[in-house]
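Results of the structural survey
The lines below spell out each chain.
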Amino acid sequence: MGLLRDEGVVYKAAEDVDLGPHSDQLYLQANVKAPRMAGFLVKVFVWFLESRIFGAVLLYFLKKNNLIQKVQSSLNYLAYFLHLTGGTEQEDGRGRRLKAPLAVRQPRRALRLTFNYWQLVTNAELEEAPLFEPVHPYQDLEEQQVEHIDSDLSPPEKVQRAVDCLPSQRTLDDLKSRFHRRSILDYSRAYSSREITPRMVAERFIAAVLESSNPPLQMSFFINYDVEDILRQATESTHRYEKGEPISVLDGVPIAIKDEIDCSPYPTTGGTKWLQKLRPCIGDACCVMRLRLCGAILVGKTNMHELGAGTSGINPHYGVTRNPYDTGRISGGSSSGSAALVSAGLCPVALGVDGGGSVRLPAALCGVVGFKPTFGRIPHAGVLPFNWTVGMVGVLAGTIEDAFIVYAATNGQLPFQQSTILPPPKVYFPLLKSTKPITDVKLAKYGEWFNDCSDDVKSCCSSAVEQLCEHYGWKTIEVTVPEIEVMRLAHYVTIGSECSTALSSYLQKLDFAELGWDARVALSVYSAFSSKDYIKAQKIRNRQMQFHRNIFTKADVIVVPTTGVTAYPIKNDVLETGELDYINGAALVRYQIAGNFLGLPAVTVPVGYDKAGMPIGLQFIGKPWSEPTLIHIATAMQALRISDYRKPKVFYDLLTK
C-alpha cells in the first residue's frame, strides 16, 4: 500500500510492489469486531437493520466497523509506516520483529491508525483498470507427466482416459490405510464382479439416509431426495451390468448434488423455502447432465447454507448439517451436505459450488478432498447465478483420484463459451500411474499468512509441508502476498453485489418472513454496496491478478492451510435463526479468497487432526489451467498422510453389510 489520505488509501502501482520475502508490505490481520448473535438477538438486530429509520445508520456502522482493519497498537502503526519512510527494527506485542520508522521511533508520538472499509476499498485510489471477470488467457504450461486429451471426447470417454491415468490396483492397495472410504473404482469393481448390484447399493443408501436423518443423529445431509427416482436409476444401471455393458466406471455410483445446481426431478432451492417457487428447475445443469451420461446415480440435492451466504452450514429451514467426526460441530459451508455425506461414506463424490471457499472449506472441516478448477473449466450453465464471476462448480471426494475422475467427466467448455477464452484451453490429464513423482516443484509460502491460524492447524500444516518437501525433494519459496485483507473486502463486495443483483427481481415479490434471519442480514448488507464499491473492487481484482501472476513466475503453487480453525461447536440457539459469527467466519475463509476472486484452481487435502480429533486440510492454489500439476501435488500429499486417516463417528460402507 502507499500513502494514506483522509479519503482513502493511495496504492502503489502493482508492478512497484515488492513480493519477495523481505517486502515492506505489512500483513494486516482481519479484526472483525462483531459479537456472535443467534436466537432472539438476531431477530432484534434484523428488525433494526430492516427499519427505515435505523437501517441506514446501522449499515453505515457495519461497513465502518465490521469490515474494518486496524493496526492495533502504536508499534504496529510504526511498522506499517515503515514502507513510507524506511527505518529500524522493533518488536510487536506478539514477539515478532518488525521495522519501525526512524522518523517516529518514540511510541508516544504514534497515532492510533484505523483502516476502514472506505479507506481500503471505496475511496481508495488505484491505477489499475477494473477487471470484471477472472478470465485467464490460456497458456500451455508444459507440465510434467501429463497426457493431452481431445476436448471433443464424450464424458464417458474422458472418464475412461482418466481411469487409464491412475495407478494399477496393486499400487492403490498399497496406499490403503487402516481406514479408507470406498472409491469409485471400488464400486465399479464390485458391480462388475457381481459381488453387489447398483440396486442393492441404492437400497442400502436409502436406509442409511433415513437412519441418519432421524434422532439421535439428525445429520441433515439432504434437502431433497426421491426414493423412486433413485431406485429407477439403480435398476437401469443394474441391467446394464447384467448385460456386461456399463457406460463407464461411474455407472451405478451414487453422486449427490448441491442444491445450488439444477438436477431433475428436483427443484433447486438454494437452501431457501421460496426460490423454487419463483425459479423453476427445467432440466439438468451441464455438469449434472455429463454425470448422467456416464451412468451415475444422482441421489438427491444436498443441504447448504441459505443462499450460500455463510460458512457454517447451519440452515434454519432444512436443519444443521452436522460433522460426521463430531455431530455436535459444524460441517462448514456453504456446500455443507455434500462435504458431510462424502465424509460419512454415503457417496464417494458429490458436487458443490465454490464462491468463497464453499467447496474447499467444508471439505477440510469434514476430512475429505475439495477440488475447485480454474474459472471457466467447468460450465456454469444450470447453476444458480448467485455469484457469476466468483462461483465455480467443484468436486468433493474421499480421495483425489475420485475428484479427478469426476473432474474428467464434467470439464470442457460449451460451444457458446469458446469465444470468451482465447485460445480455447487445452485439456491435460495427470499421469498418476507414473512410478516417478514430478520433480523440482516449488511451493510459494507467505509465512505470516500461513501462520495466521490456530496452533493445531499451524503445527499440522507446517509438518505436512516439511514432510512433502523432504520426501520428494521439493522446495518452499518465501514470498509476500500483499493486501490479503483488502482482497477479502473486495471479494465480499463482489459476491454480495452479484448475489443481490441476481436475486433483485425475486426479492421484489418475496415476503421476507420466508427468509432465514441470518440470510436477511446478509442481503441487507449486500444491498448497501454501491456501484463505486463494485468498480473499486474490480480494480483490486486486477491488482491481485498481477501480484499472483508475478508469484507464479517463481513457484508452481501457493501453499496455505485450508482454514484458520477447525470445526467449532453448534450451539442450541442456532436451530431456529441460524447465527451471525463473523469472527469464526473470517477465520474459516482466510485462505479461500484468491481461488474465487482470481479464478485460480485450488485443492484441499486432509493432512491431520486437531487435539479434539477434528480434521485439518492443507490447500494448494495453482496457476490458471494447472489442474494436472495440482492433482499430482495433492496425490503426493495424500500418499504421505492417508495411512493416518481416521474413521468418522458417523460412517456407512454401502458395499458391505
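What comes next is a walk through the structure. Fair warning: this is a prediction, and the values are worked out from it, not measured in the lab. (Residues numbered from 1 in each chain as written. Predicted model: local features only at pLDDT ≥ 70, side-chain atom pairs only at ≥ 80, totals over all residues. Heavy atoms only, no water.)

In this section: the packing of aromatic side chains. Counted under the stated rule, the structure contains 18 aromatic pairs. On the basis of an interplanar angle of 25° and a centroid distance of 6.4 Å, the ring pair of phenylalanine 132 and tyrosine 534 is categorised as stacked. One end of the pair, phenylalanine 132, is in the loop between helix H4 (117–122) and strand E8 (146–149); the other, tyrosine 534, is in helix H19 (residues 531–551), with 402 residues separating them in the sequence. The partly exposed category is assigned to phenylalanine 132, whose relative accessible area is 40%. Take tyrosine 534: its relative accessible area is 18%, and that puts it in the buried class. Between tyrosine 472 and tryptophan 474 the ring centres are 5.0 Å apart and the planes differ by 25°, which places this aromatic pair in the stacked class. (Phe/Tyr/Trp six-rings, centres within 6.5 Å; stacked < 30°, edge-to-face > 60°. Helix = DSSP H or I, 4+ residues; strand = E, 2+ residues; numbered from the N terminus. Buried < 20%, exposed > 50% of the residue type's maximum accessible area, 1.4 Å probe, protein only.)

This brings us to the packing of helix H16 (residues 455–472) against helix H22 (residues 627–641). Contact pair H16 / H22: the axes reach a minimum separation of 10 Å and the direction vectors enclose 105°. In this view, H16 runs roughly perpendicular relative to H22, as classed from their interaxial angle. Residues Cys460, Ser463, Ala464, Gln467, Leu468, His471 and Tyr472 of H16 pack against Ala636, Met637, Ala639, Leu640 and Arg641 of H22. A class-by-class count of the residues in the contact of H16 with H22 yields eight nonpolar, three polar and one charged. (Axes fitted to C-alpha atoms, helices over the stretch in contact; angles between N-to-C directions. Parallel < 35°, antiparallel > 145°, perpendicular 65-115°, else oblique. Contact = heavy atoms within 4.5 Å. Nonpolar A, V, L, I, M, F, W, Y, C, P; charged D, E, K, R; others polar.)

Between its terminal C-alpha atoms helix H9 (residues 227–242) stretches 22 Å, which fits the 22 Å expected from 16 residues at 1.5 Å a residue. Listed as buried for H9 are Asp229, Ile230, Leu231, Gln233, Ala234, Ser237, Thr238 and Tyr241. Packing partners of the buried residues in H9 comprise helix H7 (184–192), helix H8 (198–213), helix H11 (286–293) and strand E11 (297–302). Downstream of H9 by a residue or two, glycine 244 has a phi angle that is positive, lying close to 75°. (Expected span 1.5 Å × (residues − 1).)

Tallied over the full model, the rule gives 26 salt bridges. For the salt bridge of lysine 611 with aspartate 456, the shortest nitrogen-to-oxygen distance reads 2.6 Å. Taken together, the positions of lysine 611 in the loop between strand E24 (602–609) and strand E25 (615–622) and aspartate 456 in helix H16 put the pair 155 residues apart, joining distant regions of the chain. For lysine 611, a relative accessible area of 75% translates into the label exposed. One salt-bridge network, held together by shared partners, links Arg36, Asp573 and Glu579. (Salt bridge = Lys/Arg side-chain N within 4 Å of Asp/Glu carboxyl O.)

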